[in-house]
Amino acid sequence: MADLTTEFLGIKSPNPFWLASAPPTDKEYNVRRAFEAGWGGVVWKTLGSEGPPVVNVNGPRYGAIYGADRRLLGLNNIELITDRPLEVNLEEITRVKADYLDRAIIVSIMVPCEEQAWKDILPRVAATGADGIELNFGCPHGMSERGMGAAVGQVPEYIEMVTRWCKQYYDKPVIVKLTPNITDVRKPAAAAMRGGADAVSLINTINSITSVNLDTMSPEPSIDGKGSHGGYCGPAVKPIAMSMVSEIARNPETHGLPISGIGGITTWRDAAEFISLGAGNVQVCTAAMTYGFKIVQEMISGLSQWMDEKGYTSVEEVVGRAVPNVTDWKYLNLNYVAKAKINQDDCIKCGRCFAACEDTSHQAIAMSEDRTFTVIDEECVACNLCVDVCPVENCITLEKMTPGEVDPRTGKVVEKEYANWTTHPNNPGAVAAE
Amino acid sequence: MSSPMTPGLAAARLPAEQLAENFDDLHAPFAPHEAAVASDRCYFCHDAPCVTACPTDIDIPLFIRQISTGTAEAAAKTIFDQNILGGMCARVCPTEDLCEQACVRELAEGKPVEIGRLQRYATDTLMAKQSHPYTRAPQTGKTVAVVGAGPAGLSCAHRLAMYGHDVTIYDAEAKPGGLNEFGIAAYKATDDFAAREVNWLLGIGGIAIKTGVRLGTELTLEALTDHHDAVFLGVGLGGVNALRSDGEDKDGVRDAVGFIKDLRQASDLTALPVGRDVVVIGGGMTAVDAAVQSKLLGAQNVTIAYRRGRDAMSASAYEQDLAASKGVRLMFNAQPVAIHGNGSAHEIELEYTADDGTGLKGTGETIRLRADQVFKAIGQTLTTDGGLALDARKIAVTGAGRTSRGGIWAGGDCASGGDDLTVTAVAEGRDAAMDIHDVLMG
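For the structure given in this document, a descriptive report is provided here.

About the criteria used
- Residues numbered from 1 in each chain as written.
- Chains lettered and ligands numbered in written order.
- Predicted model: local features only at pLDDT ≥ 70, side-chain atom pairs only at ≥ 80, totals over all residues.
- Contact = placed C-beta atoms within 7 Å.
- Helix = DSSP H or I, 4+ residues; strand = E, 2+ residues; numbered from the N terminus.
- Axes fitted to C-alpha atoms, helices over the stretch in contact; angles between N-to-C directions.
- Parallel < 35°, antiparallel > 145°, perpendicular 65-115°, else oblique.
- Left-handed = near helix turned anticlockwise from the far one by under 90°.
- Nonpolar A, V, L, I, M, F, W, Y, C, P; charged D, E, K, R; others polar.
- Core = buried A, V, L, I, M, F, W, Y, C linked by C-beta atoms within 7 Å.
- Buried ≥ 20, exposed ≤ 12 C-beta atoms within 10 Å, placed from the backbone.
- Pairing = 2+ DSSP bridges.
- Expected span 1.5 Å × (residues − 1).

Turning to the interface of chain B and chain A, a few remarks are in order. Taken together, the contact between chain B and chain A spans ten residues of the former and twelve residues of the latter. Elements represented by at least two residues in the side of chain B that touches chain A include exactly helix H2 (32-40) and helix H8 (104-109) of chain B. In terms of residue count, H8(B) provides more of the side of chain B that touches chain A than any other element does, three residues in total.

Right, let's get into the packing of helix H5 (residues 156-169) of chain A against helix H6 (residues 186-194) of chain A. All names here are of chain A. Remark: H5 packs on H6, axes separated minimally by 7 Å, with the N-to-C direction vectors making an angle of 25 degrees. What the angle tells us is that H5 and H6 run roughly parallel. For the element pair H5 and H6, the recorded crossing hand is right-handed. Of H6, the residues touching H5 (which contributes Pro 156, Glu 157, Ile 159, Glu 160 and Thr 163) are Lys 187, Pro 188, Ala 191, Ala 192 and Arg 194. Across the contact of H5 with H6, the residue classes tally to five nonpolar, one polar and four charged.

Ranked by size, the top nonpolar core spans 148 residues in total, and within it B:Ala122, B:Phe232, B:Val280 and B:Ala291 carry the most contacts. With eight residues, helix H15 (residues 285-297) of chain B is the largest single contributor of residues to this core. With sequence-adjacent residues up to four places away left out, B:Ala122 is seen in contact with B:Phe63, B:Ile67, B:Ala72, B:Ala75, B:Ala76 and B:Ile79. A:Cys139, A:Ala191, A:Ala199 and A:Met307 belong to the second largest nonpolar core, which has 96 residues in total.

Further remarks concern the sheet that holds strand S13 (residues 373-377) of chain B. Residue and element names in this part refer to chain B. Pairing is parallel in the open sheet, where five strands are placed in the order S6-S13-S7-S8-S9. Whereas interior strands pair on both sides, the edge strands pair on one side only; in this sheet they are strand S6 (253-255) and strand S9 (329-331). Strand-to-strand, the axes of this sheet are offset by a mean angle of 20 degrees, without reference to chain direction. Sheet analysis places strand S7 (residues 277-282) next to S13, joined by five bridges and oriented parallel. Across the sheet, residue Val 279 finds its bridge partner in S13, namely Val 374. Packing of H15 onto the sheet brings it into contact with S7, strand S8 (301-305) and S13, and relative to S7 it is tilted by some 170 degrees.

Another point: unusual backbone geometry. The linkage connecting A:Leu202 with the following residue, A:Ile203, adopts the cis geometry, with an omega of 10 degrees. Tracing the sequence through the fold places A:Ile203 in the loop between strand S10 (199-202) and strand S11 (206-208). Backbone torsion omega between A:Glu220 and A:Pro221 reads -5 degrees, so that peptide bond is classified as cis. Take A:Pro221: it is sitting in the loop between strand S13 (218-220) and strand S14 (230-233). Positive phi, close to 45 degrees, is recorded for B:Asp47, a residue that is not glycine.

Turning to H15(B), a few remarks are in order. All names here are of chain B. With 13 residues, H15 should cover 18 Å at 1.5 Å per step; its first-to-last C-alpha distance of 18 Å lies within 8% of that length. By the criterion of burial, H15 is predominantly enclosed, with 13 of the 13 residues buried. Just downstream of H15 lies Gly 298, where phi reads positive at about 115 degrees.

Once that is clear, we can look at the environment of A:Lys27. Residue and element names in this part refer to chain A. Mapping Lys 27 onto the fold places it in the loop between strand S3 (17-19) and helix H1 (28-37). As for Lys 27 and Thr 82, which are separated by 55 residues in sequence, their C-alpha atoms are 9.1 Å apart. With residues near it in sequence (within four places) discarded, Lys 27 still touches Arg 84 and Glu 92.

Structure, rendered in structure tokens:
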């Protein structure tokens, strides 16, 4: 079984699965149980400044989006940072760390954008023995109205400034958690790097309204008839998070900056995908909140099995493996030609491929009297929609055409050579091929 | 109090509570959560095979999607638009041979979407909430006679009333409903559903019902055609085929349909006698209904004897399994020869059969079974043809139920074609109504 031991910023953990800063890591009771269940590390729920703790709403904090069979696909929340006294959290962190030296404990922090505030809290966090800190520049609701969380994460100059303070007053690793509620995630990542961040973690939650109560006309979760946007997370945000992770991983300015991947990770496969896109480890929240701490067992066994099958002996070997294959559209090979193919033995004759193609795409699927569905190669542009809507996995596949064959749609011979938009004759700005 | 062991015919073989449990809903209705889970399984197929398999062409993917989005009332409307007796059909349709057999998830996983139960969920929801969802078009001044208040007649009458015609339904029985009321196993239509459904259907208005009048006695086709602009016959099959075996006249030998009818109309099941050893002759749904209900009433031994093999049995595999699971013995390739007993049936003598390629024949080998009650379920026959042309002993029809005489339509079990299902009768009644409307308004 592959060894999943991960060293992230010099912090060792028995596996790359950390619990993200969130309700599951708000107190000693939870974190101890998480470690007993097998989690490699936790990012303790965000601490605020000394003084009266923040207060939360006393009504619903979460809203949800469901798939078939009420499978939770997206969750949003309007919960704030920890609402327990700073001292209590610090004592608990100290106790748990002392008992779990082999696990990672990172402390998430969010205090006002003033040097003194950071100067005050950092020594106290250092005293707990925790392995590092994560700066919460991502929380998009509530705290951002008070000039913290996403309000900082949306201004690269602030990120750089606060990160620099932290590096100045704290000597263990500093991770900067980024908000996705910006237009170009490369900018805040670069700012964190300039400030001296040891790593970035992303994504924090996305501004969201999950539903509207059509009886009361209030957004959900509704507090006495009113709703406020929350932070969206869960499987639904995974594609957004992976794109952002890959952008930072392949950006020359930030390339090599360690990344802790977050966003809808629910299975070992999700984790492996984030890692392949450049994440050195991953953080999980919604999956644990949906199914409990036990899911980490599947993540551990699944990642190990897959690594064994592929011959990888460490997580490190997988980190960033897919990054070289993330490119710009203009570099995609326009001479790559494929056609959809329907495996008749697997087809259950639902006709969804036909409806999708006929109504909304290229009229490239034929339907016979006896409900046999076949691809019309003359029309098929290999868009993949039929594959995506088919309920049976691998029943429809896209088959690559061999160079030398004639594409029945265009009547042109499939070229062997790679050619992209930059040299395409239809491109007014094309450069002549060598 | 008697028991399953009590010899001869006896009532109250089981305690009242046990009988109530036995005759409760065969399939409990879906709770909202169950309906949500079941409806999520539908793939919303294109030109869905389940719709093709439905004799009434209900848009099944649409109504299931409507359930899944929390609008079961809209789902019911989708169903009723095609099949006004969608509530009963949801209970009695052999869905395992129709929509659910065609479901792509049957092909994919051997587990179809539970279309029948979802249909019941939708129709029950609307019927519990709303008196009647349809309104009539302005009155046309035309009148139509519908003979028979079974599924075909009710469906036809409703559609005609919706078009604005005035309809009078004539039925030989004391109350309307036809086989829905008298001929279906009690556990498929609990809580007086057939009668409730008729009342709900009549909510459209414009339909008068005259009961206790039978075509051929109190009614003549001539009088009907004289007094109405059109006539629809949905008289069903009133006669029962005879066994033509020795001893058929002994006490304890009777028609299965009569037994089922008594059972459906019984106000107290503990008062209904049933034999200790019951043998049902036949291979259709009526045979299964009679056998299963005999068992549920407390008969000790119940056997269905069918003269052909299992493959030829017209009761579905699902119905056969249901019978077997209730403890009914299925006996194939056995035909009745004689019923023995001193005045009352005591034993039935059956002869084994085989098909040597030239047709089914007795082998000469016989077997005797204890039988203090014998039910005949070997098919029903048309009793009144009104002088119309026949086809295979049924009223010959072409197109949407047109008979050999202009102005007279027929549908349901009495008409040629079709497969003697409630849902087919509903479709035929509906289609005849549309044709009648076209002709009348020509």
